[in-house]
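Summary of structural features
Each chain is listed here by its residues.
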Amino acid sequence: MITIALSVVFSIFAGRLVQLQLLDSDALAADANTNRYLNIPITAERGSITSSDGVALAATVDAYDITADPAMFTPEATGLPDAPEQAAALLAPILGVPKEKIAADLHTPKTRYKRLAAQQTPDVKNQISDLKSGLEKQAGSRACQAQKRLLNKPAEEGGRTRLDNECVNPLAGVFNRDTQKRVYPSDGLAANLVGFVNAEGEGAGGLEQQYQKLLAGKDGHSSYAQAGGRLVPTAGGSLEPAVPGTDLRLSINRDIQWAAQRAITDQVSNAGAEKGYVIVQDVRNGQVLAMATSPGFNPNDLSTAKNSQLGNPALQDAFEPGSTAKLMTMAAVLDTGKATWDTKVTVPYPLVRGDVAFKDDVEHDTWYLTLAGVLAKSSNIGTIEAAQTLGATQPEANQVLHDYLRRFGIGQQTGLGFPGETAGLLDKPEDWKASKQYTIPFGQGLSVNALQATSVFSTIANGGVRVTPSVVQGTTAPDGKYSAAPASEQSRVVSEQTAKTLTEMLESVVSDEQGTGGKAAIPGYRVAGKTGTANRVDPEVGGYRGYTASFIGFAPADQPRVTVSCVIQDPVNGHFGGQLCGPVFKQVMEFTLKTLQVPPSGSEAPNLPVEWKP
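What counts as what
As a convention, each chain's residues are numbered from 1 in the sequence order in which they are written. Side-chain atom pairs in this predicted model are given and counted only at pLDDT of 80 or more, local residue features only at pLDDT of at least 70, and totals for whole chains, interfaces and linings cover all residues. As a rule here, side-chain values cover all heavy atoms of the structure and leave hydrogens and water aside. Relative accessibility thresholds used throughout: buried, under 20% of the residue-type maximum; exposed, over 50%; partly exposed, between the two (1.4 Å probe, protein chains only). Strands here are runs of E lasting at least two residues and helices are runs of H or I lasting at least four, both read from the DSSP assignment and numbered beginning at the N terminus. By construction, the arc corresponds to the directions joining the helix axis to the C-beta atoms. We call two residues contacting when some pair of their heavy atoms lies within 4.5 Å. Take the number of residues in a helix, subtract one, and multiply by 1.5 Å to get its expected span. Being paired, for any two strands, means DSSP has found at least two bridges between them. Side-chain atoms within 4.5 Å are what join buried Ala, Val, Leu, Ile, Met, Phe, Trp, Tyr and Cys residues into a set we call a nonpolar core. What pLDDT expresses is the predictor's confidence in each residue, scored from 0 to 100. When two rings of Phe, Tyr or Trp (its six-membered ring) have centres within 6.5 Å they constitute a pair, described as stacked for plane angles under 30 degrees, edge-to-face for angles over 60, and tilted for the intermediate range. Only when the NZ of Lys or the CZ of Arg is both within 6 Å of the ring centre and within 35 degrees of the ring normal is a charge said to sit over the ring.

1. Digging into helix α5 (residues 99-106)
Every buried residue of α5 is accounted for by Ile102, Ala103, Asp105 and Leu106. One face of α5 carries all of its buried residues, which in axial projection span an arc of 160°. Those residues of α5 that are buried are in contact with β3 (56-68), α4 (83-95) and β4 (114-120).

Have a look at this one:
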């Protein structure tokens with residue numbers, strides 16, 4: 001019987017050995033390695049975003065997550081019934097987190113990990129480390145050691161049920177984890193363009209979102225054998241280094257960006273407006289030198305920003321441009337040879353088309369204007385009359401104008417690829433019904449974003465050639481190699497002669513005493529520009545309410561270098577574009593010309609006549 005029993009036992013052992021050594025060996029080895037080897041992720045350093053001179057607008061710095069093991073704060077582990085509260089009282093002033101929240105996080109003993117505060121500075125980490133070290137030294141003193149021995153005695157022998165506070169380190173379960181933090185050294189400078197990252201460090205707005213994959217790089221990892229939480233040096237391991245992200249160099253000029261932001265911020269405040277934006281563009285290559293918005297936000301502290309401030313309205317707002325769009329109508333009329341700058345136009349008041357009476361901004365007797373005068377005085381009626389010459393019938397005229405609007409980039413993306421960018425709205429010409437076919441020529445009934453509107457004037461300044469706008473000047477790879485961005489695409493919109501004539505007509509807007517853009521004049525420089533005052537579509541009422549004021553122009557008109565646009569939405573103190581945006585244009589353009597060291601004009605403006613006598 002004993003022999004049989006032993007045989008059964010040894011058979012069971014043998015069977016188990018066969019199972020472990022032969023059948024389950026691979027799975028067990030894998031499980032052993034899984035428990036034996038520890039994998040540590042290595043976060044890639046995010047690429048920086050810099051201005052054109054290489055100064056960081058967004059950068060990555062070392063940071064620390066302050067973490068805790070709640071199981072180390074229980075009464076059994078500390079001998080204190082209120083260890084979480086004591087730790088919270090010490091940490092709250094350093095972390096800037098309410099002590100109630102910290103205490104609540106530490107009162108979760110079934111969880112071995114809690115993040116008390118994310119992406120803290122080295123100073124915060126050092127403060128906690130110094131405090132923790134001081135408490136450890138104090139807890140290791142002779143007096144405290146005697147009290148700890150006393151704790152181990154039964155109560156009837158004089159033992160205690162808990163440690164005295166000075167003999168316990170309530171921060172023993174607090175740790176720090178190396179991580180990274182995105183910072184914006186210039187605070188709100190170009191924030192609406194650059195964007196921001198979320199709590200996970202991923203781009204959540206602006207260029208940070210658009211170029212997330214390029215900026216993020218590729219995370220790595222390290223693996224090593226461990227026993228009892230310690231490295232086993234002879235057991236081998238592996239390391240896959242992280243690949244840093246690529247740096248973006250923008251075409252943004254920091255000084256010009258700063259000047260643009262200051263100018264639009266001040267004017268939005270003075271006008272009691274909802275918001276405003278300024279864009280500065282190099283007419284030769286399409287590069288954006290500044291894109292400023294007010295109100296903006298500080299990406300270093302998103303808690304102070306409203307959701308409506310986090311986007312980029314210069315690209316995401318669609319608005320009816322008003323009279324600045326008359327430039328495209330005049331371009332079509334001149335380029336098709338239907339009229340010249342000195343074509344005589346009789347402008348009645350009002351002008352009845354269909355069942356609608358169209359008016360100008362001011363009531364007047366019949367005007368006798370040249371085509372240049374129609375633009376200088378910003379006559380809606382004169383523009384309607386000019387647009388009607390584009391075709392033998394109104395539908396034909398609509399089709400011709402529509403074709404030119406598309407050539408200028410209206411109703412389509414600018415080419416930046418910016419998140420949330422609007423293409424604006426431009427209906428097909430067969431849908432220009434009723435009064436729309438008469439309002440579109442003077443800028444009502446279609447919508448644009450601010451960069452589209454700016455690009456129209458840059459096209460004329462560039463001799464009639466449209467250059468696709470760009471904002472990224474180049475990239476720097478992790479190996480330090482810089483690559484310039486490809487040159488922007490170009491397309492001819494109007495002839496060089498048409499562009500030259502339009503430039504001279506735009507100069508009359510600023511230089512002629514009857515022009516609407518006198519406040520944009522700059523001593524020593526010839527300025528070409530156009531005012532705009534449009535009825536504003538308000539989504540809240542589902543119709544027109546308030547105004548969009550604008551001024552767009554370029555200088556020097558004789559050798560164009562830079563276009564500056566200003567748009568102010570829903571102003572209360574005044575609403576005319578020349579009144580509100582003319583001074584902003586002048587301020588920003590003057591600063592830009594000086595910054596780029598553009599010499600003054602070498603000739604006088606032609607001063608084309610605006611009137612004729614019948």
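There is more to say after this.
2. So, helix α20 (residues 577-595)
Over its 19 residues, α20 runs 26 Å from end to end, which matches the ideal 27 Å to within 8%, given 1.5 Å per residue. Listing the buried residues of α20 in full gives Gly577, Gly578, Leu580, Cys581, Gly582, Val584, Phe585, Val588, Met589, Thr592 and Leu593. One or two residues past the end of α20 sits Gln597, with phi positive at roughly 55°.

3. A word on the pairing of strand β12 (residues 275-282)
Burial of β12 is extensive: eight of the eight residues sit out of reach of the surface. Burial along β12 is two-sided: Lys275, Tyr277, Ile279 and Gln281 facing one way and Gly276, Val278, Val280 and Asp282 facing the other are all buried. Pairing geometry for β12 and strand β24 (residues 562-569), over eight bridges, is antiparallel. Note on β24: the bridge partner recorded for Lys275 is Gln569.

4. Looking at the nonpolar core
Core analysis: the largest hydrophobic core is formed by 87 residues, its most contacted members being Leu371, Leu405, Phe408, Ile410 and Met505. When near neighbours in sequence (up to four residues on either side) are disregarded, Ile410 contacts Met328, Leu405, Leu426, Leu446, Ser447, Val448 and Val456.

5. Concerning the confidence of the model for the chain
It should be kept in mind that the predicted coordinates are not to be read in detail where pLDDT is low. Taken residue by residue, the chain gives an average pLDDT of 89. The fraction at 70 or more is 90%. In the predicted structure, residues 149-165 sits below a pLDDT of 50 and forms 22 contacts with residues beyond four places in sequence or in another chain.

6. Quick word on the packing of aromatic side chains
Enumeration according to the criterion identifies seven aromatic pairs in this entry. Between Phe10 and Phe13, the aromatic rings sit 6.5 Å apart at their centres with planes inclined by 85°, giving edge-to-face as the arrangement. A residue pair is termed a helical-turn pair when its members lie 3 or 4 positions apart in one helix, as Phe10 and Phe13 do in helix α1 (residues 2-23) at three residues. Judged by relative accessible area, Phe10 falls into the exposed class, the value being 56%. Ring pairs connect the aromatic residues Phe358, Tyr438 and Phe442, which therefore count as one cluster. Residue placement shows Lys125 over the ring face of Tyr64; its charged tip is 5.0 Å from the ring centre. The ring of Trp367 carries Lys377 above its face, with NZ or CZ at 3.9 Å from the centroid.

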